[in-house]
Amino acid sequence: MADDKKFAGFICTGCGIGERLDAGQLETTAKRDGKMAICHQHEMLCSKEGVQLIRDTIDNDGATHVMIAACSRRAKVEAFSFPDVAMSRANLREGVIWARPDTDEARETTQDMADDYIRMACAEVKYMNKPKMSGEQALNKTILVVGGGVTGMTAALETAAAGFAVHLVEKTGALGGWAAKWHKRIPGRAAADGVANGTNVDLPMPMENDIADMVAAVEANELITVHLNSTVTKTSGAPGRFSADITTESGATATENFGAIVQASGWKEFDPSAIPSLGSSNADVVSNVELEALAKAAGDGPIKRPSDGKEVKSVVFVQNAGQASTAEGHLPYHSGIGDLIAIKQAMYFKAQNGKDCDTTILFDNLRTPGAAGEDFYRSGQQQMVIFSKGQVGDVTSSGNGATVNFRDLILDEDVALQADLVVLDLGMVPNSGPDPYAANESQEGMSDEEKTADNSARETAVTIDSILNLDYRQGTDLPQLKWGFTDSHFICFPYETRRTGIYAAGPVRRPMDIKQAQDDATGAAMKAIQAAINAGQGSAAHPRVGDLSYPSFRKEGCTQCKRCTVECPFGAINEDEKRYPQFNESRCRRCGTCMGACPVRVISFENYSIDTVGQQIKAVDMPDEFSEKPRILVMACENDAYPALDQAAMSGQEISPWARIVPVRCLGSVSLSWVTDAMNSGYDGIVMMGCQRGEDYQCHFVRGSTMAAERMAKVGDTLSTLNLEPERVVVHEVAITDIERAPRLIKEMEEVVEKVGMSPFKF
Amino acid sequence: MSDMNTAMIEKYRNSFLSEVEANVEEGEWVKMCMQCGVCAGSCPLGDAWEHTPQKIFMMIRAGKRDEVLQSDSMWMCTSCYNCIVRCPRELPITHIMHGLAHYAKRLGIVPQGQPTAKFAQLFWNNLMKKGRVNELKLGISLYFMNGFGEGVKTSLKMKDIGIGMVKTKRMNPMEMLGGHAVKDLSGFQKVIKKAQELEDARLAKHGG
Ligand code: SF4
Ligand code: SF4
Ligand code: SF4
Ligand code: SF4
């Protein structure tokens, strides 16, 4: 095999590289140290001619492995795209010349840096292989949508509109979900352009409920198969080859295959019964959901109060009832759209019970998100709905109707407001299945006995029904962030969940109204289609879109420790009958966390492995202890830290001449062996840079950065056995915007090395 | 309390906001206030009064009729227009303040001895005589607004300024004797009478 490999190096002398560096010496380094059989220099490698030179070398000279020494691997990706060979890039532009001052004193160390980056790129490519298909990929253009409310129906319609078939599974006997029950809808538009402030202007009003049209459209669509009274009782496989059992109430099961899944399981109403002060046991104190039924029952006539059927002449809306509070029995978050609902419902009274029906909305923070937004608030005001900023103490009753006791926060006084009807703004609770990691996380820090006790307590506790019944080793449902909402990288890839190819949409992700849910569903549908197609090509989903490599492991070496299975943030690894890990290529996001976790280092990717990085670390020329040239290894996450360093160089920040920066897919992929090898081969310090971890994580692979931090916490012990100072190894959280901070962190390590001295391990 | 006041209370029993909407100049804007407090923070004098414009509007919505109409606050507005310029909802706040003052005056429930109200009455009386303001007389009646002794004292204090104004022809001492009128005084008086009738009819309609 090794004989089939042919190595070719290309050194660009454009963008000032040729002026700042001795290209002749770089070529010698590539040939002599890097063992490049062929080496070319070009004055502008990314130009048509330069690219052609590489192409010709591949086609005519049979190069199979290509090392390109030019700009950062993040630049010119379209020009330097040679999918038919293995390729590495030495970052001479952002990584060297732009990061170093153009002075005589700096010349030598700058050239040293460049030579090292050439050696590293050569070493890397030597251990890389061209990624090839695993043979596991499958193309299935049918999408499963779970949930037949607005979100699910929108996802189904959008998917069908793109020409993909859909199976829509709905638990109840009818499509439409909650929205079908609403009397009217929150308007989906703002005031027209140019509508000025005024007291009698054209502002958005509640919309007619058009959900029935949507149901009809779904039913009429030939690409959509609807399963009513049905649930998903088993889901197995991976994107491109999911298999789902769809079971009806009567127990009949149909098994269907899918490319990807959209989970639109919606929400349920918060149960206020644990908060007696809200007075919800009184018939004339209703929830905002119940009010919709009262309004609908009234047709266009006056709304009547439940206790005695009297026409309502005064109504008080208690906003944010039992929400955004850490008190026992309360909802810890705010559902966001309750004020829009209250404005809409107050207008029902103005329209149906007459203009002189007193309607008061008691708010603490009025929020009107969405398309109509502020204009809808103004619309309510224009209809003489009274808005009072008040903190509700309790809702009491004597006889019919109810009294709301509140503190008026503007007039600073206590008020008791009597009304025929009180409407509580109750929150939205996501309909999620059990959180696969709930036990893991709440059990952090418990002893084994405590864990066992906790587990058995969980078993006897009320069980939440699973939505997807995944047969994944890591649990039956989508992992959650908190409060039952599905986890996703909220900033960069909001639709991605921690189960590849399964997209959550609608109020199961966060509370939202119909309009927002429709937008959300459309996004999720597009992502599902993309995931199905990616799976057919064997390429990754976000953030390594298009990556064809996938993890494989050397079975003979595996000790069945299960670290990979447990640490994979995406539940990609199952277990086979012999209890070996079983990788599911299309569930995998290519983060490498499994690789970093494996204590016996048997997991690798074709183009990213213990060797591709380990050999880079070893390839660096190590000056002796007395040279006054320390070496600092920087392992920087390719998602945030590495681009931040590139940016730093672009904006003229200096990066320490002693730094040798290796991009890693995720800090989670960093193997402890790289750290020990680096220390053993004489590096004076190691700086690891990954994304923010924890609850408001920024890690593009969700848990990778956390896993790395846990692993590296133990590195101190290793250092002390080597008799090295623990401060030589640090882990930092770096954001893509840390353009000034990232180089400074390396500089800090330079200072540490100055203080504790050079490593004694330089041979 | 006037009959009109009683009639208005009768009519708008539970909605002072509707009463303001129907009877106060620009009163229909009060419901559009979003209680942001920008006016309160912008008013150069707000700190010195009992209620800022923001509070006045909230009190109207909370049905605090007496407290609003008998308050001193809207009389204190100096028409600087800071609030109007800044209000994000573009309420004509200054006009509403004056509208409220005017309405309270019509209902006869202005706080006793309110100086702005007193001055306004002097101004009105002065204006009605000749159809134009006699500045000399208005100034002097202002000095004596709070009694004879204080009037003499203020007059002496302002003596030099007065003489200066006469010298530079800014003031004509002859105006003290009757003073000149607008060209068509009876026409002016007819206009005012008609306006007053219309206004009375409007209020009577809402009050009745
Ligand atoms: S840890 Fe990352 S690379 Fe490994 S299987 Fe899971 S998703 Fe794939
Ligand atoms: S981490 Fe490595 S040794 Fe452990 S089960 Fe996975 S492949 Fe096997
Ligand atoms: S116009 Fe009147 S109320 Fe407005 S800021 Fe000026 S003084 Fe205050
Ligand atoms: S600035 Fe305007 S909207 Fe804000 S409190 Fe004052 S009147 Fe109301």
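Residues numbered from 1 in each chain as written. Chains lettered and ligands numbered in written order. Predicted model: local features only at pLDDT ≥ 70, side-chain atom pairs only at ≥ 80, totals over all residues. Heavy atoms only, no water.

The interface of chain B with chain A comprises 21 residues on the first partner and 16 residues on the second. Across the chain B to chain A interface the summed buried area is about 1,700 Å²; carbon plus sulfur atoms make up 60%. By the criterion of area lost to chain A, the three top residues of chain B are B:Lys31, B:Met32 and B:Arg89, representing 33% of everything that side buries. For the interface between chain B and chain A, the tally reads 2 salt bridges. Of the charged contacts in the structure, one is a salt bridge between B:Lys64 and A:Glu413, with a shortest N-O distance of 2.6 Å. Connecting chain B to chain A are 8 residue pairs in polar contact (both at pLDDT 80 or more). Looking at the side of chain B that touches chain A, the elements that each hand over two or more residues are helix H2 (16-23) and helix H4 (53-61) of chain B. (Contact = heavy atoms within 4.5 Å. Buried area = accessible area lost by both parts, 1.4 Å probe. Salt bridge = Lys/Arg side-chain N within 4 Å of Asp/Glu carboxyl O. Polar contact = N/O pair within 3.5 Å; in protein donor to acceptor, adjacent residues only side chain to side chain. Helix = DSSP H or I, 4+ residues; strand = E, 2+ residues; numbered from the N terminus.)

Residue and element names in this part refer to chain B. In terms of domain boundaries, chain B breaks down into domain 1 (3-111) and domain 2 (115-202). Between the C-alpha centres of domain 1 and domain 2 there is a distance of 28 Å. Contact residues are listed per partner, giving 7 residues for domain 1 and 6 residues for domain 2. Across the domain 1/domain 2 interface, buried area totals approximately 600 Å², and carbon plus sulfur atoms make up 41% of it. Our count for the contact surface shared by domain 1 and domain 2 stands at 1 salt bridge. Across the pair arginine 106 and aspartate 200 runs a salt bridge whose closest N-O atoms are separated by 2.3 Å. Those elements that place two or more of their residues in the side of domain 1 that touches domain 2 are H2 and helix H7 (93-107). Its residues assigned to classes, the side of domain 1 that touches domain 2 shows 3 nonpolar, 2 polar and 2 charged. (Domains from an automatic or database assignment. Nonpolar A, V, L, I, M, F, W, Y, C, P; charged D, E, K, R; others polar.)

Moving on, we come to the domain arrangement of chain A. Residue and element names in this part refer to chain A. For chain A, the domain assignment lists domain 1 (1-130), domain 2 (142-266 + 431-537), domain 3 (270-428), domain 4 (547-606) and domain 5 (622-763). On a C-alpha basis, the centres of domain 1 and domain 5 stand 24 Å from each other. Counting residues at the interface gives 16 residues for domain 1, matched by 19 residues for domain 5. Summed over the shared surface of domain 1 and domain 5, the result is 6 salt bridges. Aspartate 112 is paired through a salt bridge with lysine 629; the nearest N and O atoms lie 2.8 Å apart. Inspection of the region where domain 1 meets domain 5 yields 9 residue pairs in polar contact (both at pLDDT 80 or more). It is helix H5 (residues 104-126) that provides the largest number of residues to the side of domain 1 that touches domain 5, a total of 7 residues.

It is worth spelling out the site of ligand 2 at this point. Surrounding ligand 2, one finds 14 residues, the nearest of these being A:Cys558, A:Cys561, A:Lys562, A:Cys564 and A:Cys598. Each residue belonging to the shell around ligand 2 can be placed in one class, and the counts come to 10 nonpolar, 2 polar and 2 charged. (Near = heavy atom within 4 Å.)

Right, let's get into the site of ligand 3. Within the structure, ligand 3 sits among B:Cys43, B:Pro44, B:Trp49, B:Pro53, B:Cys77, B:Thr78, B:Ser79, B:Cys80, B:Tyr81, B:Asn82, B:Cys83 and B:Thr94. Residue composition of the shell around ligand 3, by class: 8 nonpolar, 4 polar and no charged.

With that settled, consider the packing of H5(A) against helix H16 (residues 610-619) of chain A. All names here are of chain A. Running from amino to carboxyl end, H5 crosses H16 at an angle of 150°, the nearest separation of the two axes being 8 Å. It follows from the interaxial angle that H5 and H16 lie roughly antiparallel. Seen along the crossing, H5 lies across H16 with a hand that is right-handed. For the pair H5 and H16, the contacting residues are Arg119, Met120, Ala123 and Glu124 in the first and Thr612, Gln615, Gln616 and Ala619 in the second. Looking at side-chain class alone, the contact of H5 with H16 contains 3 nonpolar, 3 polar and 2 charged residues. (Axes fitted to C-alpha atoms, helices over the stretch in contact; angles between N-to-C directions. Parallel < 35°, antiparallel > 145°, perpendicular 65-115°, else oblique. Left-handed = near helix turned anticlockwise from the far one by under 90°.)

Residue and element names in this part refer to chain A. In terms of nonpolar packing, the biggest core is built from 94 residues, with Met67, Leu92, Ile661, Trp674 and Met689 touching the most fellow members. Tallying contributions element by element places H5 first for this core, with 8 residues. In this view, methionine 689 contacts Val634, Met635, Ala636, Cys637, Ala641, Leu645, Leu667, His732, Val734, Ala742, Leu745 and Ile746; residues no more than four positions away in its chain are not counted. (Core = buried A, V, L, I, M, F, W, Y, C linked by side-chain atoms within 4.5 Å. Buried < 20%, exposed > 50% of the residue type's maximum accessible area, 1.4 Å probe, protein only.)

This part takes up empty space enclosed by the protein. To find leftover empty space, a probe the size of one water molecule is rolled over the atoms. All names here are of chain A. Summed over all chains, the structure comprises 10 cavities of 30 Å³ or more. Around the largest cavity sit 17 residues that line it, and Asn91, Tyr117, Tyr642, Ile661 and Pro663 are the ones nearest its centre. Every element with two or more residues in the lining of the largest cavity is listed here: strand S4 (86-91), helix H4 (93-97), H5, helix H17 (641-650) and strand S29 (659-664). Among the elements that take part in the lining of the largest cavity, H5 stands out by supplying 4 residues, more than any other. Taken together, the residues that form the lining of the largest cavity break down as 9 nonpolar, 3 polar and 5 charged. Residue assignment places the lining of the largest cavity across two domains, with domain 1 (1-130) and domain 5 (622-763) each supplying three or more. (1 Å grid on protein atoms, 1.4 Å probe; cavity = no way out; pocket = protein on both sides within 12 Å on 5 of 7 lines; lining within 4 Å. Points joined across faces, edges and corners; volume = space filled by probe spheres on them.)

We now examine helix H8 (residues 115-130) of chain B. Given 3.6 residues per helical turn, the α-helix brings residues three or four places apart onto the same face. Residue and element names in this part refer to chain B. In this model H8 runs 24 Å from its N-terminal to its C-terminal C-alpha over 16 residues, within 8% of the 22 Å that 1.5 Å per residue would give. Among all positions of H8, only Ala117, Asn126, Leu127 and Met128 are buried. Capping the start of H8, glutamine 114 holds a side-chain oxygen 2.8 Å from the backbone nitrogen of threonine 116, two or three residues further along. Phi turns positive one or two residues past the end of H8, at glycine 131, with a value near 80°. (Expected span 1.5 Å × (residues − 1).)

Residue and element names in this part refer to chain A. For the pair H16 and helix H18 (residues 672-680), the least separation of the axes is 10 Å and the interaxial angle reads 15°. The angle between H16 and H18 places the two elements in the roughly parallel class. Between H16 and H18 the crossing geometry is right-handed. Where H16 abuts H18, its residues Ile610, Val613, Gly614, Ile617 and Lys618 lie against Ser673, Trp674, Asp677 and Ala678. Looking at side-chain class alone, the contact of H16 with H18 contains 5 nonpolar, 2 polar and 2 charged residues.

Attention now goes to the pattern of salt bridges. Residue and element names in this part refer to chain A. Across all of its chains, the model carries 56 salt bridges over all chains by this definition. We note a salt bridge from aspartate 84 to arginine 55, for which the minimum N-O separation is 2.5 Å. Taken together, the residues aspartate 84 in the loop between strand S3 (65-70) and S4 and arginine 55 in helix H3 (residues 48-61) connect sequence positions 29 residues apart. For the salt bridge of arginine 185 with aspartate 210, the shortest nitrogen-to-oxygen distance reads 2.7 Å. A residue pair is termed long-range when its members are at least 10 positions apart, and arginine 185 in strand S7 (residues 184-185) and aspartate 210 in the loop between strand S8 (207-208) and helix H7 (211-220) qualify at 25 residues. What you see here is one network of salt bridges that share partners, running through Arg32, Asp33, Asp116, Arg119, Arg631 and Arg660.

To continue, consider the sheet that holds strand S17 (residues 358-363) of chain A. Residue and element names in this part refer to chain A. If you walk across this open sheet you meet the 7 strands as S15-S21-S16-S17-S18-S19-S20, and the pairing is mixed. With one partner strand each, in any of the chains shown, strand S15 (285-287) and strand S20 (413-419) form the two edges of the open sheet. Direction aside, the axes of adjacent strands within the sheet are offset by 40° on average. By the bridge criterion, 5 bridges tie strand S16 (residues 314-318) to S17 in an arrangement that is parallel. Residue phenylalanine 317 lies in a different strand from S17, and its bridge partner there is isoleucine 361. The strands touched by helix H9 (residues 338-352) within the sheet are S16, S17, strand S18 (386-396) and strand S21 (421-424), with S17 carrying the most contacts at an inclination of about 170°. (Pairing = 2+ DSSP bridges.)

All names here are of chain A. Relative to strand S12 (residues 253-258), strand S11 (residues 242-248) runs antiparallel, the two sharing 6 bridges. Bridge pairing in S12 links alanine 244 to glutamate 256. Between the end of S11 and the start of S12, which pair antiparallel, lie 4 residues, with glycine 251 showing a positive phi angle near 100°.

Our focus in this paragraph is the environment of A:Gly506. Residues and elements named next belong to chain A. Position of glycine 506 among the secondary structure elements: in the loop between strand S23 (502-504) and helix H13 (514-537). Sequence separation of glycine 506 and threonine 522 is 16 residues, and the distance between their C-alpha atoms is 9.9 Å. Those residues in contact with glycine 506 that sit more than four places away from it in its chain are Thr151, Met512, Ala517 and Asp520.

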